[in-house]
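# Structural overview
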Amino acid sequence: GAVVSQHPSWVICKSGTSVKIECRSLDFQATTMFWYRQFPKQSLMLMATSNEGSKATYEQGVEKDKFLINHASLTLSTLTVTSAHPEDSSFYICSASDRGSPLHFGNGTRLTVT
Amino acid sequence: ELKVEQNPLFLSMQEGKNYTIYCNYSTTSDRLYWYRQDPGKSLESLFVLLSNGAVKQEGRLMASLDTKARLSTLHITAAVHDLSATYFCAVETDSGYALNFGKGTSLLVTP
């Protein structure tokens, strides 16, 4: 079945530094990728939608200058958390779609900012 | 604003019992998804319901969709401990393929 690989699985960084998370579709071309954030014991909240070759669309309340998304190819999207703060600590999950195929989720990245 | 409401949010049930989780949504979407999440893990796809009246079953779980009532149910039959997890329903947003999730139902199955 279709697989979405997310890397790293977990990362610890110091406050003020930047962290990049990768999301790869391994056996299909993902024209659209989505980034979600999940705080402990809460649901998943959509952060942004990225389409290959164009700018990402951010949900209301998500700072586009803080959460940089790049979808440079049909198999790779990256989320960079810039100038991370402890309140950015969360579980980040990507998902990928290929023109209507069921969504496939990555394994998630646990970010801890100290 | 698209709303997806699940209930109950917490469910403790004994092994062998039956129960139903409900998912109400406010959009006219005819696609509804059910996922399972174990602690510290990502989402596992359980069911994709694509049309009114759709019913799907896998093991002790059965999901149904009533698009007219904007209601989906996840029925658990003869629960076992391995079913303990958080279950989410989700509906596609108007922008296409992005999902709006319910708050999740945390299920604990006890002996």
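Structure report, in brief. (Residues numbered from 1 in each chain as written. Chains lettered and ligands numbered in written order. Predicted model: local features only at pLDDT ≥ 70, side-chain atom pairs only at ≥ 80, totals over all residues. Heavy atoms only, no water.)

### Some details on the overall build of chain B
Put simply, the rule is: Strands here mean DSSP runs of E at least two residues long; helices mean DSSP runs of H or I at least four residues long; both are numbered from the N terminus. For the exposure calls, accessible area comes from a 1.4 Å probe over protein chains only, and a residue counts as buried if that area is under 20% of its type's maximum, exposed if over 50%, partly exposed in between. By definition in these notes, contact holds between two residues if any of their heavy atoms fall within 4.5 Å. Using a 1.4 Å probe, the Shrake-Rupley method yields the accessible areas, and only the shown protein chains count as cover for residues. Residues scored as positive are Lys and Arg, those scored as negative are Asp and Glu, and His as well as the terminal groups of each chain are ignored. Charge coordinates come from a single atom per side chain, which is NZ of Lys, CZ of Arg, CG of Asp or CD of Glu.
When helices and strands are tallied, chain B shows zero helices and eleven strands. Viewed in the frame of its principal axes, chain B has a C-alpha envelope of about 45 × 30 × 20 Å. Among the 111 residues that make up chain B, the fraction classed as buried is 46%. Partitioning the contacts of chain B with sequence separation of at least 6, the portion at a separation of at least 24 is 54%. With the model as given, the accessible surface of chain B reaches about 5,600 Å², and the carbon-plus-sulfur share is 48%. Averaging the positions of the 10 positive and the 11 negative side-chain charges in chain B gives two centres separated by 3 Å.

### Brief notes about the sheet that holds strand 3 (residues 19-25) of chain A
Residue and element names in this part refer to chain A. We apply this condition: DSSP bridges decide pairing: two strands pair if at least two such bridges lie between them. Angular values range over 0 to 180 degrees, each being the angle between N-to-C directions of two axes fitted as lines to C-alpha atoms, with helices fitted over their stretch in contact.
Pairing is antiparallel across the open sheet formed by four strands, whose spatial order is 1-3-8-7. This sheet does not close on itself; its edge strands, each paired only once, are strand 1 (4-7) and strand 7 (67-73). Neighbour-to-neighbour, the strand axes of the sheet open up by a mean angle of 15°, direction not taken into account. In this sheet, strand 8 (residues 76-81) lies alongside strand 7 in antiparallel orientation, the contact comprising five bridges. Its bridge partner being in strand 8, S73 is matched across the sheet by L76.

### Let's talk about the environment of B:T28
Topologically, B:T28 is positioned in the loop between strand 3 (19-25) and strand 4 (32-37). Counting along the chain gives 63 residues from B:T28 to B:V91, while the straight-line C-alpha distance between them is 9.6 Å.

### Considerations on the packing of aromatic side chains
Residue and element names in this part refer to chain A. So the rule is basically this: Each pair of aromatic rings taken from Phe, Tyr and Trp, with Trp reduced to its six-membered ring, is defined by centres within 6.5 Å and is described as stacked if the planes are under 30 degrees apart, edge-to-face if over 60, and tilted in the remaining cases.
One pass over the full model with this rule turns up eight aromatic pairs over all chains. Each ring, one from Y36 and one from F105, has its centre 5.9 Å from the other, and the planes form 40°; the classification is tilted. A residue pair is termed long-range when its members are at least 10 positions apart, and Y36 in strand 4 (residues 32-38) and F105 in strand 10 (residues 104-105) qualify at 69 residues. Here the two residues Y36 and F105 agree in accessibility, since each one is buried.

### A word on the interface of chain B and chain A
Spelled out, the test is: As used here, buried area is the combined drop in accessible area, with a 1.4 Å probe, of two parts when they are placed together. Any carboxyl oxygen of Asp or Glu within 4 Å of a side-chain nitrogen of Lys or Arg constitutes a salt bridge here. For the purposes of these results, a polar contact is taken to be a pair of N or O atoms within 3.5 Å, where, inside protein, one atom must be able to donate a hydrogen and its partner to accept one; residues adjacent in sequence count only when each atom of the pair is a side-chain atom.
Facing 15 residues of chain B, the contacting portion of chain A comprises 19 residues. Note on chain B versus chain A: buried area summed over both sides is about 1,300 Å², and carbon and sulfur give 60% of it. Where chain B packs against chain A, one counts zero salt bridges. At the boundary of chain B with chain A, the tally comes to four residue pairs in polar contact (both at pLDDT 80 or more). At the level of elements, strand 4 and strand 10 (99-101) of chain B are the ones that each hand at least two residues to the side of chain B that touches chain A.

### Comments concerning the sheet that holds strand 7 (residues 61-66) of chain B
Residues and elements named next belong to chain B. Sheet architecture is open: five strands sit in the order 1-3-8-7-6, paired in antiparallel fashion. Edge positions in the sheet fall to strand 1 (4-7) and strand 6 (55-58), since each of these pairs with one other strand and no more. Each neighbouring strand pair of the sheet contributes to a mean axis angle of 15°, computed without reference to strand direction.

### Brief notes about the pairing of strand 8 (residues 71-76) of chain B
Residues and elements named next belong to chain B. As judged from the six bridges shared by strand 3 and strand 8, these two strands associate in the antiparallel manner. By the bridge assignment, Y19 is partnered in strand 8 with I76. Looking at chain direction, strand 7 and strand 8 are connected through six bridges and run antiparallel. Note on strand 8: the bridge partner recorded for A63 is L74. Here strand 7 hands over to strand 8 after four residues, with R70 in that stretch at a positive phi of 55°.

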